[in-house]
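# Chains, contacts and geometry: an overview
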Amino acid sequence: MRSASTAVLVAVGLCFAGAATAQEKEVLIAWQCDRTGPTQIVGVVYCPAIQDYIDLINSKGGVEGYKIKSSELDNEYKVPQAVEEYERQKQMGAVSMMIYGTPQAQALNQKLVEDKIPGTSPGFGISASADGTRFPYLFPIAATYWSQAAGAIQFIKEKLGGSLKGKKIAYVYYDNPAGHEPLPVLEDLQKIEGFEMRSFAVPPPGVEMGAQVLDIAQRYRPDFVINHLFGRSPSVAVKEYKRAGYPLSKVIGLVWASAEADILAAGGWAVAEGYHTLQFAGAGDDYPIRQEIKAMYKAQGKEPPKGMDDTVIYNRAILNTALHVEAIRNAIKATGGRKPTGEDVKKGFEQIHDFTLGGLFPPLKITPEDHEGGGWVQIFQVKGGKFVKETDWFRGYPEVVAAAVKKAE
Amino acid sequence: MFHRESGVFKTSYAADMALYPLPITKWAAAAFAGLFIVLAPLTLGEYYISILDLILIAVVGALGLNILVGYTGQISIGHGAFMSVGAYTAANLVVHLHAPFWVTIPAGGLMAALIGAVVGIPSLRIKGIYLAIATLAAQLIIEWTINHVPAISGGVQASIQVPRPSLFGTQLKSQTQLYLFLMAFAVLAIVATSNLVRSRIGRAFVAVRDQDIAAEIIGINTFRYKLWAFAISSFYAGVTGVLYTYYLGIANYEQFQINVSIDYLAMVIIGGLGSILGSILGAIFVTLLPIATRWFLESFGGLIFSQADLANIIPNLRLILFGGLIIFFLVVEPEGLNRLWRNIRNYFRVWPFSY
């Protein structure tokens, strides 16, 4: 039986070998993306969006004469699957990878270094990986959980009149490592700003939080609430705040609690009126790149996909993909037209500077030391049936976050 | 494995308990060893070796669970949690004491065995589905503890980076090196299990499984042997966790959640309860099936669906196929792949003179 399975493996191998022969002028971007599993609510919008952007680049002639080839695999949010798929995409010759999921980012980190392939984890993953010297091949490329928490506190401070002394803040979090991650930074900020904070854990899968919300609304009565939730739980939270009579204009959601899908699942825009959302890529439709993608679909005689209406997630996928393409562009320029390796693309990422695609991205500055690009965030508020920009791009307490990154060594 | 004896000629207990019932068995085992230890790493590419690596890790875990569920008849859905106990024990030893792998692997196993024996205590009073719930509680308690005790988890992220194991001064980095490293432990686990089930302890396990009151009457201390079963099974789980930690270079409890326990239970049920070959087949089946179905869909899905739809269809259809194939194999042979294999063997044993 074992020999039979080897025979199958060999047969499978022959088929793959046929598919893997790359043509001359092509570079492969590989991504893992879950259209199934616990995070499919994000994936069903996120994964096709990546392909849309790559199609757009290829329809304009590719990058510096190279066509972008793509490989998408679904890991069902399971780590063994992610490892197997990583090995496969490596074998296919991927020069850069998009990771999907925090445990997956942790599991693949060491392999990325060994194989010299840069991987990105925008908005999730390991906060300490902002430090490019310790995590040379892992690129958060967008605000990590630490920068997000700091950004939220900065925003709350401005909202509450410039001082947090004696104010009460409730931190509602999904009870897993990603949920815990902002806590050290929040505690540091608590010492600096002198506010009172209480954290409320929501046990997975996070669809039952009546008790926590009641506790917040009736007993603790904070001046502001930070929501750090995932999957279905953000919509449940919004619904519960509404029911308990806690004003949503005093709630801010971190990046995975702030998409259109969450608002709609909570009962629609009217229910969530006033809710603040923190973003690492712009929300809404008013960006030239989105019009270009729509035009591309129109030119093919097709309707733009429905996923584009979920602008928050769609735009994040654009951010991730565009930075990969940009890194490859930098890499090809640097190598003088030679096909770039993973190492070249890593250096390409580290040259990305002020690439904002018409304001969709913050003014990132990725360097060999800072793989986060500054930790920029922007706040949007639910107002009259859409997300309305409340602030410009800003960085919350960059020195506090930098100190936390340093301390994590 | 491939031998065909012409009848039952065993006249002593020693012959019945022999590891190799016929000389040809020894040769078959040697041939397998040659194929997988020498030939496979030389001929297969890195990607295929990485799949074999995942299978080898799963084999160790499935063997352990089969000792408990298949041989002793005590159901457990806390196997994933015992793996995390092993993983974090090893990770902490490596980080704080720079312990080498030949210390951390037994240490992780022993710690898991200790916790497993404690979790096994309810098995003395309850059975079947009730015990399943008790072990489920253990899974949740262990998960919660690791998630909330920084002394174990190494901080709020609950993940500890671990350098790859080194042997004689060289760090085992490539997939092939790790393959040989994991193979050593998988072989050890297979040999240990096949010796265990032939021994007095193994026979006591089977007696407890078949009828624990009868076992008690013939003088088997069920209290002791049930706890032994939990401890041994958890030892295997702990070792699996450590191997996994070394393979990935990180200990993270999110890799050992309840769905992992269910996956391992699926392996031993699909493979065949109470059989070593079954555990191996089950581990191969559950690890390889998602890969094989995806490959199948990628190769032939393009004939029916457009390329853009395919990206959406493959992951979903893969789940459906995975579930469907499990049902199919269990309907064809409820006793698992091992029984299916034995049926095939028995058919050919007398072939072509079946009457």
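As a reminder, the structure under discussion sits directly above these lines.
Residues numbered from 1 in each chain as written. Chains lettered and ligands numbered in written order. Predicted model: local features only at pLDDT ≥ 70, side-chain atom pairs only at ≥ 80, totals over all residues. Heavy atoms only, no water.

### Considerations on the state of the cysteines
Residues and elements named next belong to chain A. Scanning all chains against the criterion turns up one disulfide over all chains. Two residues, Cys33 and Cys47, share a disulfide whose sulfurs are 2.1 Å apart. Taking the torsion about the sulfur-sulfur bond, which here is approximately -90°, the covalent link between Cys33 and Cys47 counts as left-handed. You can see Cys33 sitting in the loop between strand 1 (26-32) and helix 2 (40-59) and its partner Cys47 sitting in helix 2, a full 14 residues away along the chain. Of the two residues, Cys33 and Cys47, both sit in the buried class. (Disulfide = S-S within 2.5 Å. Helix = DSSP H or I, 4+ residues; strand = E, 2+ residues; numbered from the N terminus. Buried < 20%, exposed > 50% of the residue type's maximum accessible area, 1.4 Å probe, protein only.)

### A closer look at helix 15 (residues 337-350) of chain B
Residue and element names in this part refer to chain B. For helix 15, with 14 residues, the first-to-last C-alpha span of 21 Å sits near the 20 Å given by 1.5 Å per residue. Along helix 15, the residues classified as buried are Leu337, Asn338 and Trp341. Seen from one end, helix 15 has its buried residues packed into an arc of 100°, which puts them on one side. (Expected span 1.5 Å × (residues − 1). Arc of directions from axis to C-beta.)

### Remarks on the interface of chain B and chain A
With 52 residues of chain B in contact, the opposing surface of chain A contributes 45 residues. Summed over both partners, the interface of chain B with chain A comes to about 4500 Å²; 58% of that surface belongs to carbon and sulfur atoms. The tally of links between chain B and chain A comes to six salt bridges. Across the pair Glu84(A) and Arg294(B) runs a salt bridge whose closest N-O atoms are separated by 3.0 Å. Remark: the boundary between chain B and chain A carries 15 residue pairs in polar contact (both at pLDDT 80 or more). Tallying contributions element by element places helix 13 (residues 276-300) of chain B first for the side of chain B that touches chain A, with nine residues. Considering only residue class, the side of chain B that touches chain A consists of 31 nonpolar, 13 polar and eight charged. (Contact = heavy atoms within 4.5 Å. Buried area = accessible area lost by both parts, 1.4 Å probe. Salt bridge = Lys/Arg side-chain N within 4 Å of Asp/Glu carboxyl O. Polar contact = N/O pair within 3.5 Å; in protein donor to acceptor, adjacent residues only side chain to side chain. Nonpolar A, V, L, I, M, F, W, Y, C, P; charged D, E, K, R; others polar.)

### Thoughts on the sheet that holds strand 3 (residues 94-98) of chain A
Residues and elements named next belong to chain A. Taken together, five strands build an open sheet; the order of strands is 2-1-3-4-5 and the sheet is parallel. Both edges of this open sheet fall to strand 2 (67-73) and strand 5 (138-139), since each of them pairs with a single strand only. Sheet topology note: the strand 1/strand 2 ladder contains seven bridges and is parallel. Its bridge partner being in strand 2, Glu26 is matched across the sheet by Lys67. Lying on the sheet, helix 2 is in contact with strand 1, strand 2 and strand 3; it crosses strand 2 at an angle near 170°. (Pairing = 2+ DSSP bridges. Axes fitted to C-alpha atoms, helices over the stretch in contact; angles between N-to-C directions.)

### With respect to the pattern of salt bridges
Inspection of the entire model under this criterion finds 25 salt bridges over all chains. The shortest N-O distance in the salt bridge between Arg164(B) and Glu114(A) comes to 2.8 Å. Of this pair, Arg164(B) sits in the loop between strand 1 (159-161) and strand 2 (166-167) while Glu114(A) sits in helix 4 (residues 102-115), on two different chains. Residue class for Arg164(B) comes out buried when judged on its relative accessible area of 2%. With its nearest N and O atoms 3.4 Å apart, the salt bridge here joins Asp215(A) to Arg219(A).

### Quick word on the side chain of Lys346(A)
Residue and element names in this part refer to chain A. Along the chain, the position of Lys346 falls in helix 13 (residues 342-349). Look at Lys346 and you get buried, because its relative accessible area is 14%. One polar contact links Lys346 to Glu350, side chain to side chain, over a distance of 3.1 Å. If we skip the residues at most four places from it in the chain, Lys346 touches Pro118, Pro136, Tyr137 and Phe139.

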